[in-house]
Amino acid sequence: MNDSSHMLPAAAVQNATPASREGEGVGLVGDIMQITKARLTLLVLISTFVGYLMATGTPLEWPRLLHTLIGTALVAGAAAVGNQLIEVSVDRLMARTRSRPLPSGRMSRGTAFILGLAMAVVGLTELALATTPIAAYLAAITLLIYLAFYTPMKRRTSFCVTVGAVSGAIPPVVGWTAIDGSFGLGAWVLFGILFAWQMPHFLAIAWMYRDEYSQAGFVMLSKWDRGGVWTAIQALLYSVALLGISVVPYFTGQAGVVYLIGAVLSAVMMIVCSLHFLLNRTRAAARILFFSSIVYLPVILGLMVVTKP
């Protein structure tokens with residue numbers, strides 16, 4: 001989960017819409033929800049939650065889980081605030097972002113800076129003291145990648161999409177390592193699934209909004225790929241990779257046969273939609289791919305949790 005937030009799936013964040021569609025409410029509470037990208041933070045928490053559940057046994061340590069989710073939410077919110085602070089001048093140029101709290105003037109940069117800094121410090125401290133230091137380190141790395149690399153790269157190179165996908169794939173690993181600080185094959189598989197999923201998701205959004213991004217100075221697509229062939233090929237390749245990665249939990253005994261069936265069918269859906277996008281390369285085809293990705297992630301994560309032995 002997409003501007004990914006960097007604990008936020010970078011591409012999903014790129015799909016942010018005007019305030020009327022963001023639907024975060026009005027007033028101070030609404031502004032805070034908008035500037036912290038509450039909906040996208042929720043996506044981060046879902047993937048973190050799945051990472052935690054896949055790594056833990058029974059009984060579930062609810063206090064540790066709660067600290068993990070609160071700490072992660074605070075860091076994700078800090079990433080969203082930092083992103084909007086850096087891009088406030090650009091957000092004023094795009095219809096879907098100019099009504100956000102900073103470009104609209106409803107919130108000052110100073111207030112946003114204090115809010116973002118406080119959230120980052122409290123969130124990282126909570127993860128370090130109430131879960132494990134490694135979980136806090138991973139959250140800090142995610143924040144760093146998102147703000148120091150992904151955000152400025154958006155105005156320089158289309159490689160920013162890949163970098164954003166890396167930061168968006170770390171949250172489930174934060175959840176996994178929050179148990180005892182150890183990594184496992186499952187943590188890397190979750191990272192791989194989130195990374196591979198984000199690429200066609202990001203690329204579909206980048207194609208749909210390519211004109212608006214270009215006018216604002218964002219380089220979300222290769223400048224030489226004006227026809228979108230390479231963009232669509234990448235989406236297809238990552239969708240195929242998603243099929244290979246997503247079946248691993250079944251063969252390692254971390255998920256059941258129902259998961260395997262769902263994983264295969266969902267990945268095939270992504271592949272078919274990516275192929276359709278390659279053959280057509282229209283906004284409508286990109287939108288179909290985008291919505292297929294929206295369906296894919298909750299199905300996969302839900303089946304993974306439900307069928308865990």
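For the structure itself, look to the data block above.
Residues numbered from 1 in each chain as written. Predicted model: local features only at pLDDT ≥ 70, side-chain atom pairs only at ≥ 80, totals over all residues. Heavy atoms only, no water.

A few words on the overall build of the protein. Scanning the protein from terminus to terminus reveals 17 helices and 0 strands. For the protein, the C-alpha radius of gyration of 19 Å lies close to 19 Å, the compact-globule estimate for 309 residues. If one aligns the C-alpha atoms of the protein with their principal axes, the spans along those axes are about 50 × 50 × 30 Å. Scored against the burial criterion, the 309 residues of the protein give a buried share of 57%. Summed over its atoms, the accessible surface of the protein is roughly 12,400 Å², and 72% of this surface lies on carbon and sulfur atoms. Charge-centre separation for the protein: the mean point of 20 positive side chains lies 8 Å from the mean point of 12 negative side chains. (Helix = DSSP H or I, 4+ residues; strand = E, 2+ residues; numbered from the N terminus. Rg over C-alpha atoms; globule rule 2.2 N^0.38 Å. Buried < 20%, exposed > 50% of the residue type's maximum accessible area, 1.4 Å probe, protein only. Areas by Shrake-Rupley, 256 points an atom, 1.4 Å probe, with all protein chains shown as cover. Lys, Arg positive; Asp, Glu negative; His and termini not counted. Charge placed at Lys NZ, Arg CZ, Asp CG, Glu CD.)

By size, the foremost hydrophobic cluster in this structure holds 78 residues, and its most contacted members are Ile193, Met220, Phe277, Tyr296 and Met304. Looking at this core element by element, the count peaks at 16 residues for helix H12 (residues 185-208). Excluding residues within four positions of it along the chain, Ile193 makes contact with Leu242, Ile245, Ser246, Tyr259, Tyr296, Ile300 and Met304. Listed in part, the 7 residues of the second largest apolar core include Ile35, Val88, Leu102 and Met107. (Core = buried A, V, L, I, M, F, W, Y, C linked by side-chain atoms within 4.5 Å. Contact = heavy atoms within 4.5 Å.)

Our next topic: helix H8 (residues 109-130). A rise of 1.5 Å per residue sets the reference length of H8, with its 22 residues, at 32 Å; its end C-alpha atoms lie 31 Å apart and thus fit the reference within 8%. The complete set of buried residues in H8 reads Ala112, Gly116, Met119, Ala120, Gly123, Glu126 and Leu127. Each buried residue of H8 lies within a common arc of 145° when the element is viewed along its axis, so the set occupies one face. Along H8, the residues that are exposed and aim more than 90 degrees away from the buried face are Phe113, Ile114 and Leu129. (Expected span 1.5 Å × (residues − 1). Arc of directions from axis to C-beta.)

Moving on, we come to the packing of helix H14 (residues 229-246) against helix H16 (residues 257-280). Put simply, H14 and H16 touch, their axes get as near as 9 Å, and they point 170° apart. Relative to H16, the element H14 lies roughly antiparallel. Contact residues: Val229, Thr231, Ala232, Ile233, Ala235, Leu236, Ser239, Val240, Leu242, Leu243 and Ser246 in H14; Tyr259, Ala263, Val264, Ala267, Met270, Ile271, Ser274, Leu275, Phe277 and Leu278 in H16. Grouping the amino acids of the contact of H14 with H16 by side-chain chemistry returns 17 nonpolar, 4 polar and no charged. (Axes fitted to C-alpha atoms, helices over the stretch in contact; angles between N-to-C directions. Parallel < 35°, antiparallel > 145°, perpendicular 65-115°, else oblique. Nonpolar A, V, L, I, M, F, W, Y, C, P; charged D, E, K, R; others polar.)

Where nonpolar side chains cluster on the molecular surface, the patch consists of Phe113, Ile114, Leu117 and Val121 and spans about 410 Å² of accessible area. If you trace the backbone, Ile114 turns up in helix H8. Taking the relative accessible area as the measure of exposure, Ile114 reaches 59% and is therefore exposed. (Patch = residues over 30% accessible without salt bridge, like charges linked within 9 Å, V, L, I, M, F, W, Y side chains within 5 Å. Salt bridge = Lys/Arg side-chain N within 4 Å of Asp/Glu carboxyl O.)

Next up on the list: the pattern of salt bridges. Enumeration over the complete set of coordinates arrives at 4 salt bridges. Salt-bridge contacts for Glu61 lead to Arg64; the nearest nitrogen and oxygen are separated by 3.4 Å. What makes Glu61 partly exposed here is its relative accessible area of 39%. Among the salt bridges present, the one from Arg100 reaches Asp91, with a minimum N-O distance of 3.3 Å. Just as Arg100 is buried, Asp91 falls in that class too.

With that settled, the discussion passes to helix H9 (residues 133-153). Look at H9: 29 Å from first C-alpha to last across 21 residues, which is about the 30 Å you get at 1.5 Å a residue. Its axis deflected by about 30° at Tyr146, H9 carries its strongest bend there. Listed in full, the buried residues belonging to H9 are Ala135, Ala136, Leu138, Ala139, Thr142, Leu143, Ile145, Tyr146, Tyr150, Thr151 and Met153. (Bend = angle between axes of the 7 residues up to and from the residue.)

Despite not being glycine, Lys37 has its phi angle at roughly 50°, a positive value. Tracing the backbone through its elements, the reader meets Lys37 in the loop between helix H3 (27-35) and helix H4 (38-55). Within the chain, Arg281 stands out as a residue other than glycine whose phi angle is a positive 55°. Mapped onto the secondary structure, Arg281 falls in the loop between H16 and helix H17 (283-306). Looking at Arg281, the relative accessible area reads 27%, which means it is partly exposed.

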